[in-house]
Amino acid sequence: MTNRSKETGETAPFEPVSLLLQQPMMIDGKLTCREAVRLFANSPDALDGYACVNYPDGRYAGLLSLQRCVASNPDFPVIGVATVDHPIGRPDWTAEETAGKIHDDDLKALPVVDNEGTLLGLVPAITAHRFLFDKFKAESDTFSGLVGQSDDHYLDLSIWMDFQRRLPWIMGLAVAGLAAGYVVHLYENALDALVILALYMPMVADTGGNVGTQSASLVTRAISSGGLQVSDTARVLWKETRVSLLMAAFLFLFAFLKVLLISNAQDVPEGLTLQGIGLAIATALAVQVVSATLIGAVLPVVSLAARQDPAVVSGPALTTIVDVTGLLIYFSITTQFLGLRLVE
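Now for a look at the structure at hand. (Residues numbered from 1 in each chain as written. Predicted model: local features only at pLDDT ≥ 70, side-chain atom pairs only at ≥ 80, totals over all residues. Heavy atoms only, no water.)

**A short note on the pairing of strand β5 (residues 60–65)**
Line of reasoning, step 1. Counting buried residues in β5 gives 6 out of 6 residues, a clear majority hidden from the surface.
Line of reasoning, step 2. Pairing between strand β4 (residues 50–54) and β5: 5 bridges, direction antiparallel. Among the inter-strand pairings, Asn54 is bridged to a residue of β5, identified as Tyr60.
Line of reasoning, step 3. Taken together, β4 and the strand that follows it, β5, pair antiparallel across an intervening segment of 5 residues, in which Gly58 is found at a positive phi of about 95°. (Buried < 20%, exposed > 50% of the residue type's maximum accessible area, 1.4 Å probe, protein only. Helix = DSSP H or I, 4+ residues; strand = E, 2+ residues; numbered from the N terminus. Pairing = 2+ DSSP bridges.)

**Let's talk about the packing of aromatic side chains**
Line of reasoning, step 1. Per the counting criterion, the structure on display carries 1 aromatic pair.
Line of reasoning, step 2. Here the aromatic rings of Tyr330 and Phe331 are separated by 5.4 Å at their centres, their planes lie at 65°, and the arrangement is edge-to-face.
Line of reasoning, step 3. On the basis of relative accessibility, which here comes to 1%, the residue Tyr330 falls in the buried class.
Line of reasoning, step 4. A residue is classified by how much of its surface remains accessible, and Phe331, at 0% relative accessible area, is buried. (Phe/Tyr/Trp six-rings, centres within 6.5 Å; stacked < 30°, edge-to-face > 60°.)

**What about the nonpolar core?**
Line of reasoning, step 1. In this structure, Ile277, Ile281 and Tyr330 are the most contacted members of the largest nonpolar core, which totals 37 residues.
Line of reasoning, step 2. Contributing elements (two or more residues each) for this core: α7 (196–224), α8 (233–262), α9 (274–305) and α10 (310–338).
Line of reasoning, step 3. At 13 residues, α9 tops the list of elements feeding residues into this core.
Line of reasoning, step 4. In this structure, Ile277 is in contact with Leu194, Ile196, Val259, Val268 and Leu338, ignoring residues within four places of it in sequence.
Line of reasoning, step 5. Residues Ile27, Phe40, Val78 and Ala82 belong to the second largest nonpolar core, which totals 13 residues. (Core = buried A, V, L, I, M, F, W, Y, C linked by side-chain atoms within 4.5 Å. Contact = heavy atoms within 4.5 Å.)

Okay, here's the thing in structure tokens:
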């Protein structure tokens, strides 16, 4: 029996002490139920009223329940009472496969038998469930970004240590945030020509940040609870794409009506219409919603794949990335729709 190493993914030796009961109670299949009940009463190896039955040549025959022995004819041989078709495990199974079999089939125990029919041991249900619980907890800690030193807890970290782990990300993202200023400078002529674009910049930026944060929070919660893994990235993106398209449709209509009903038509330069401006801004907002949602969904997964704490990385990175991409989307779409020129 083998187990998978959590760090390398390679196959490691099965741990018989933690899972496999190597010397379970054995009963000869020729014995009667009366004799078997007596053995159950006197044997400390009886596992929750279960024992293994073997053929005369020593091969494993089936799993015997004390309850069935008591309910059967006392003179009936146990080979006729034992569950001969009870599921069995194999030596080449991983510990996870073995424990999963017990959980999925709701078994009380799983005999492990080799190809020659020799019983290698018995895996009790309680041991399998404990293994799965420990595995889930370890993976949950990993997904939550909590794997590390045993003293790596928020209140246990010194001020200096906490400062050291936060500062590099904040400084790096602050430098990256300079790109947002450059984008605004790049489209300075467009803002001068159409002041209304500046009025709706906060709406687009705030909406992008909101939907991105919402998406990141939901994905992070799903990861921390063990419901998502890095291998589920494609499924996450597919789901978030569909959700974001629905939100984009509603927000497109909202933004278009807001520009159309609230903005002053007298502020629109000659050659442009309020309807055209509203269409450009609403389109930019819709694209920003889809983009920010997908960025928010993928950042926690990327943080985990890079073995970084999503709480430290995802939030600041999301803010900077969504701000920069949001401005690029906003100005690119509105200037193209409205035929405005870039700064020279």
